[in-house]
Amino acid sequence: YPVENVRNFSIIAHIDHGKSTLADRLLELTGAISKTECNKQVLDKLQVERERGITVKAQTASLFYRHEGQTYLLNLIDTPGHVDFSYEVSRSISACQGVLLVVDANQGIQAQTIANFFLAFEAQLTIIPVINKIDLKNADPERVEKQIEKVFDIPKEECIKISAKMGTNVDKVLQEVVRRIPPPNVNVEDPFKALVFDSTFDHYRGVIANIALFGGQVHKGDRIVSAHLGKTYDVNEIGILRPEEHPTESLYAGQVGYIIAGMKEVKEAQIGDTLFLQKHPVEPMPGFRSAKPMVFAGMYPVDQSEYSSLKSAVEKLTLNDSSVTVNRDSSPALGAGWRLGFLGLLHLDVFNQRLEQEYDASVIVTAPTVPYKALLSSTKSIKEYGSEDITIVNPSHFPDRSQVLNYFEPVVIGTIITPDDYIGKIITLCLNRRAVQKKLVYIDDHRVMMKYLFPLNEIVVDFYDQLKSLSSGYASFDYEDAGYQPADLIKMDILLNGKPVEELATIAHKQKAYTVGKTMCERLKNSIPRQLFEIAIQAAIGNKVIARETIKAYRKNVLAKCYGGDITRKMKLLKKQAEGKKKMRKIVLHMKMMV
Ligand code: GDP
Ligand code: MG
């Protein structure tokens, strides 16, 4: 295919605005898939995506489109819309020259519409606004056009109004992709140069890397080099994705496809890496900024004997998802494990679910925490921690106030879009979360966009759910990293029968210490089943206990039931008690602490 006939584009949108449905229609129209009911959201391949109805992983499909006597090669990359996965969006975008910005005709612009728009805008891509779901009874495409004009400064004449569900105007979308999006600016005569923008691991075939060719051509059997490690490989298989793998003999500049070259190691197919021919080395491309984890949690095998199989599962899954950071960690009760960093809580949840479903692994996840920082004061503590400026991702490593000049907490700028009826309630919610308002503007007659500076730990867990419920589901939320601010932090220990349980310690803001301690004790009380012995649950800061709950023992003294001689029965009962304790430990650690 001549480069002039290639178009690379992504579909971006707020969650549920219809990206995957539109992708299905485009695939059908171009004959990549047949028009059957069972092909709903075909690009959502993962089990977790199908179960949750969300797109987690960006997927690629090459389409052949005949238009005005010419055949065009359209490379479509479907992207996820949830805030935790915006990193996937920015990666997909780097392989594109244009995007379809899908907006629901009923809901209008939402928080992630704005975030995604700016990703494409900053990458200087052609943006085609598509107003979807015009078949809905409450659709108001004219209002959405006005919003698009006001917020994005895109003339309303440029909007395409469609129904992805019914197929209305979808052919117009393809025509406009060809007309408005420029072909990639590349040359087939240049040396081969490809960007790895995604990679997956296959149990049988090893690493399958998704690549975009920024120059030259590659053929089966070529010897290639990956710039990052400088290792050499033979190209075993190349091809395009339609969306299933479709092997070809060659790939040319401007195309998007996959490559299998005997890479077996997790680190060999780094996302953002450049591939080139051994005989024609090229300057590597800049690659990607690495994703910054916002939430950390400990992950441990339920049984230490499963450590090595879990290790390999975690490694393989992180190859599919390079935004997860992995560090070894250990805990007194749980043994050897890892401290993993995620982009958000949904990300953590999805990772956990994928471990279970795709690798059959069972894991214990400890309470999530955000990365705090401390500036240490004493030379002794600086020596102990190895640096003056430290990041704390595990509450049990929290340095004592006596060793610290200043603590810092991560902050984010949050964008909320809501109908104006809910402004009052939302402002109260934000104030309770120690947030500072930065902006409030109307985006049309009834909708406002608010910007707040939030401490990250105040929004990672249940903020979104509360926002949704107090706005009857109408408000949307997105956030971006905004660095750190000084904060008065304390470490809260949880004691069970007077013994601190390291895995339950948390870091909290002083202002919230009492509430956090009280809630934790109550939650633990409700989740630990009654035992044969009494359990005292205490929350303490240093030596000061600030909250307490008690779980009463079963009233019966079980041992009284058996008379002296029956030693086996007595042993059995004692064993049961020990198992009860073990079970309790597991329950406590399984709990995701909502603090
Ligand atoms: P995504 O999260 O952006 O990928 O959204 P999906 O494609 O998964 O669609 C979300 C929901 O909206 C699904 O229930 C779709 O059936 C529905 N949907 C998508 N397009 C349309 C449309 O044009 N009209 C109507 N009525 N529903 C649609
Ligand atoms: Mg989707």
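Residues numbered from 1 in each chain as written. Chains lettered and ligands numbered in written order. Predicted model: local features only at pLDDT ≥ 70, side-chain atom pairs only at ≥ 80, totals over all residues. Heavy atoms only, no water.

Asks: Teacher, can you tell me more about the sheet that holds strand E17 (residues 295-301) here?
Replies: Hydrogen bonding along the main chain pairs the strands of a sheet, whether they run parallel or antiparallel. If you walk across this open sheet you meet the four strands as E18-E19-E17-E20, and the pairing is antiparallel. Each edge of the sheet is formed by a strand with only one pairing partner; in this case those strands are strand E18 (325-331) and strand E20 (363-365). Averaged over neighbouring strand pairs, the angle between their axes works out to 30° when direction is ignored. Of the pairings in the sheet, the one linking E17 to strand E19 (residues 335-342) comprises five bridges and is antiparallel in character. Bridge assignment links valine 295 to a residue of E19, and that residue is phenylalanine 342. (Pairing = 2+ DSSP bridges. Helix = DSSP H or I, 4+ residues; strand = E, 2+ residues; numbered from the N terminus. Axes fitted to C-alpha atoms, helices over the stretch in contact; angles between N-to-C directions.)

Asks: Is there a simple way to explain the side chain of threonine 318 in this structure?
Replies: Mapped onto the elements of the fold, threonine 318 is located in helix H7 (residues 307-320). What makes threonine 318 buried here is its relative accessible area of 14%. A distance of 2.9 Å separates a polar atom in the side chain of threonine 318 from the backbone oxygen of glutamate 315. Dropping the residues within four chain positions of it, threonine 318 is found in contact with Val324, Val326 and Phe351. (Buried < 20%, exposed > 50% of the residue type's maximum accessible area, 1.4 Å probe, protein only. Polar contact = N/O pair within 3.5 Å; in protein donor to acceptor, adjacent residues only side chain to side chain. Contact = heavy atoms within 4.5 Å.)

Asks: What's the story with the nonpolar core in this structure? I'm lost.
Replies: When a protein is soluble and globular, its nonpolar side chains tend to lie buried together. In this structure, Phe351, Leu355, Ile416, Ile426, Phe454 and Phe463 are the most contacted members of the largest nonpolar core, which totals 54 residues. The element contributing the most residues to this core is H7, with five residues. Ignoring anything within four residues of it in the chain, the contact list for leucine 355 reads Met299, Leu310, Ala313, Val314, Leu317, Asp360, Ala361 and Val363. Counting 30 residues, the second largest nonpolar core, distinct from the first, contains Cys96, Ile114, Ile131 and Ile148. (Core = buried A, V, L, I, M, F, W, Y, C linked by side-chain atoms within 4.5 Å.)

Asks: What's the story with the packing of aromatic side chains in this structure? I'm lost.
Replies: Two aromatic rings are characterised by how far apart their centres lie and by the angle between their planes. Following the criterion strictly, the structure yields 13 aromatic pairs and no others. Relative to phenylalanine 118, the ring of phenylalanine 117 lies with its centre 5.1 Å away and its plane at 80°, an arrangement referred to as edge-to-face. Look at phenylalanine 117 and you get buried, because its relative accessible area is 3%. Measuring from ring centre to ring centre gives 5.9 Å for phenylalanine 477 and tyrosine 479, while their planes differ by 40°; the resulting arrangement is tilted. The exposure class of phenylalanine 477 is buried, given its relative accessible area of 4%. Overall, tyrosine 479 belongs to the buried group, its relative accessible area being 16%. An aromatic cluster of three or more residues is present, and its members are Tyr452, Phe454, Phe463, Phe477 and Tyr479. (Phe/Tyr/Trp six-rings, centres within 6.5 Å; stacked < 30°, edge-to-face > 60°.)

Taken by themselves, the reported measurements are silent on function.
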